[in-house]
Amino acid sequence: MSLKLTRRHGSPWWYIRGTIRGIRIDESTGLGDRARAEEVLALRSAEVVKESVHGRSSVRTFADAALSYMEGGGEALHLAPILNYFGLKKLSAIGQDEIDGAARKIKPDGSPATRNRHVYTPISAVLHHAASKKWCDRPVIARPKTPKGRVRWITTEEAERLIEAAAPHIRPLVIFLLCTGARVSEALYLDWRQVDLARSHVMLLNIEAGGVGTKNGESRGVPLHPRAATALAALPHRTGAVFRRDLGGKLWDGRVKPLGPGYESRDGKGGGQIKSAWAGMCRRAGIADFTPHDCRHTWATWHYMSNRDITALMDLGGWKTPAMVMRYAHVNSSHHAASINRLWKDEVGDIAGSDDLNVAQAFVA
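Below: a short report on this structure. Quick caveat, the model's predicted, so the values are computed rather than measured. (Residues numbered from 1 in each chain as written. Predicted model: local features only at pLDDT ≥ 70, side-chain atom pairs only at ≥ 80, totals over all residues. Heavy atoms only, no water.)

This part covers the nonpolar core. Note on soluble globular proteins: their nonpolar side chains tend to be buried together. Counting residues in hydrophobic clusters, the biggest one holds 44 residues, and the most contacted among them are Leu 162, Val 174, Phe 176, Leu 232, Phe 243, Trp 278 and Met 281. Listed by contribution, the elements that provide at least two residues to this core are α6 (156-165), α7 (171-180), α8 (184-188), β5 (201-204), α9 (226-233) and α10 (275-285). (Core = buried A, V, L, I, M, F, W, Y, C linked by side-chain atoms within 4.5 Å. Buried < 20%, exposed > 50% of the residue type's maximum accessible area, 1.4 Å probe, protein only. Helix = DSSP H or I, 4+ residues; strand = E, 2+ residues; numbered from the N terminus.)

What follows is the structure, encoded as C-alpha cells:
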C-alpha cells in the first residue's frame, strides 16, 4: 500500500494517509493547496522509505539531538541561535561546510575565539551526544585557529596612575575591575541587588539568576577588596545600575551634573560603551595597549603572585579548568627570584667553603 492525499470532513487541509513498508502514516500536511501538498507527500514518502531501511536514526534532526542533549543535562547556553539556524535539518546533512556557514551567520563579526565558544563548541557537544545514541557518525570538526591568548597586565604603581587619571564616572568601575577580576559586561550591568556592602561581597549572576549572563553560564560570588568596597560605598545611589554613564557638561552654577542612567545592554557586550573615557584615561596615565579586559588579566596575575593558589583563582575568576589560569603563573617569573637565589647560595656557598677546590672547579665547569 502507498501513501496518498485525502481530505477530512470539514478540514481545509490535505492529509497523508496510508501504509508504506509496514509503517502506518496518518498526518496533516498543514496545506490547503493540492500541488504543494503533493510535494510534501513525495518528500514524506521518501523519508518513510529511508526510515524503514536505515532506521529512525537516518531521519533525526538537529532539533531532536539538541533536545535530547539538554534533557540529558547538557549545557543550553548559546544553543538558541543554533537551533534557529539549523531547525529541522537532518543530522546527516550537517557537515563541516554547514557548521562553518552557521558560524558566519550567527557570529558575522565574531573573532575565531568567539565563534569557537558560541557556535563550534555547542554544535560539537550536540553532535557527539547524537553520535553516542547512534543517530549520526561521530563528528570530526575543524575549528578556526585562535591566536595565542593575550596576557597584558600592569603593576600596582601603574594601576594607581590609571585610577588617578580616570574620569569621575568610571573611576569606581576601574577600581572594581582591578579588585574583582570581573569581566567588563559583568561590571557594566551590575545591579545593586547583587552587592552586599555589609559583607563586602558581590554576586555575578548568570541569566537564569537574573543577571546578564556570565561567560561560562555559572553565577559566582566574589569578596570585595576594601578598596572596591570603599569605592562602591562612595557612590550616591543604592538602587538600579551600580555603574552609570556620564551625561557630560556642567550645570549653570558650575556644579557637575549627576550621573546618568546605567549602561545599555548589548547582548552581553559592553566594552565599547566606555571606549572614549578609557582611551582618555590611559593617555593621561601614560599607559599604552591596555584594554578594559586587561584589568581581569591584571587581577588574576596579582592574585596568583600573592597567593600561588590555582584553585582559588579558578573559583573566583569563573574559569573551569586549570589550563585556563596557568598562563597567569608564567607571566612574571620575578616572584621565583628568592628560590633561585637560595638554590645558588646553598650549592655554591657550601662548595666554596670546602677545602676541596677541585670539587668547586668541577661544579663551575
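Looking now at the pairing of β5. Bridge count for strand β4 (residues 195-196) against β5 is 2 bridges, and the pairing is antiparallel. Of the residues in β5, the one forming a bridge with Val 195 is Val 202. Following β4, the chain reverses through 4 residues before pairing antiparallel with β5; Ser 200 in that reversal takes a positive phi of roughly 55 degrees. Of the pairings in the sheet, the one linking β5 to strand β6 (residues 220-223) comprises 4 bridges and is antiparallel in character. Bridge assignment links Leu 204 to a residue of β6, and that residue is Arg 220. (Pairing = 2+ DSSP bridges.)

On to the pattern of salt bridges, then. A full pass over the atoms with the stated rule returns 9 salt bridges. Between Arg 183 and Glu 186 there is a salt bridge, and its shortest N-O distance comes to 3.1 Å. Judged by relative accessible area, which is 9%, Arg 183 ranks as buried. Among the ionic pairs, Asp 191 bridges to Arg 193, the shortest N-O distance being 3.0 Å. By relative accessible area, Asp 191 is classed as buried at 16%. For Arg 193, a relative accessible area of 75% corresponds to the exposed category. Connected through shared salt-bridge partners, Arg 8, Arg 17 and Asp 26 make up one network. (Salt bridge = Lys/Arg side-chain N within 4 Å of Asp/Glu carboxyl O.)

Quick look at helix α3 (residues 79-86) now. Those residues of α3 that sit buried are Leu 79, Ile 82 and Phe 86. For α3, the angular spread of buried residues about the axis comes to 60 degrees, placing them on one side. Just downstream of α3 lies Gly 87, where phi reads positive at about 55 degrees. (Arc of directions from axis to C-beta.)

Moving on, we get to the layout of surface pockets. Of the pockets and cavities examined, the second largest pocket occupies roughly 350 Å³. Contributing to the lining of the second largest pocket are 18 residues, with Leu 178, Cys 179, His 225, Trp 299 and Trp 302 lying nearest its centre. Listing elements by their share of the lining of the second largest pocket, those giving two or more residues are α6, α7, β6 and α11 (294-307). Examining the composition of the lining of the second largest pocket, we find that 5 residues originate from one element, α11, more than from any other. (1 Å grid on protein atoms, 1.4 Å probe; cavity = no way out; pocket = protein on both sides within 12 Å on 5 of 7 lines; lining within 4 Å. Points joined across faces, edges and corners; volume = space filled by probe spheres on them.)

Once that is clear, we can look at the packing of aromatic side chains. What the rule picks out here adds up to 4 aromatic pairs. With a centroid separation of 5.2 Å and 45 degrees between ring planes, the pair formed by Phe 62 and Phe 86 is classed as tilted. Of the two residues, Phe 62 sits in helix α2 (residues 62-71) while Phe 86 sits in helix α3, which places them 24 residues apart along the sequence. Consider the rings of Trp 278 and Phe 290, whose centres lie 6.3 Å apart with planes at 15 degrees: the pair is stacked. (Phe/Tyr/Trp six-rings, centres within 6.5 Å; stacked < 30°, edge-to-face > 60°.)

Moving on to unusual backbone geometry. Although it is not a glycine, Ser 200 sits at a positive phi angle of roughly 55 degrees. Looking at where Ser 200 falls in the secondary structure, it is placed in the loop between β4 and β5. Of note, the phi angle at Asp 289 is positive, near 55 degrees, even though the residue is not glycine.

Another point: the environment of Lys 320. Looking at the element boundaries, Lys 320 is found in the loop between α12 (310-317) and α13 (337-352). We classify Lys 320 as partly exposed; its relative accessible area is 48%. Measuring from C-alpha to C-alpha, the distance between Lys 320 and Glu 218 comes to 10.0 Å, with 102 residues separating the pair along the chain.

It is worth spelling out the sheet that holds β4 at this point. With antiparallel pairing, 3 strands are arranged side by side in an open sheet as β4-β5-β6. What marks the edges here is a single partner per strand, and that holds for β4 and β6.

Considering the arrangement of structural elements, one finds Arg 34 in helix α1 (residues 34-54). When the C-alpha positions of Arg 34 and Trp 13 are compared, they lie 9.0 Å apart, and in sequence the two are 21 residues distant. Contacts of Arg 34, omitting those with residues within four sequence positions, involve Leu 5 and Trp 14. A polar contact of 2.8 Å, which involves the side chain of Arg 34, links it to the side chain of Glu 38. (Contact = heavy atoms within 4.5 Å. Polar contact = N/O pair within 3.5 Å; in protein donor to acceptor, adjacent residues only side chain to side chain.)

Remember that the coordinates give geometry; whether it matters functionally is a separate question.
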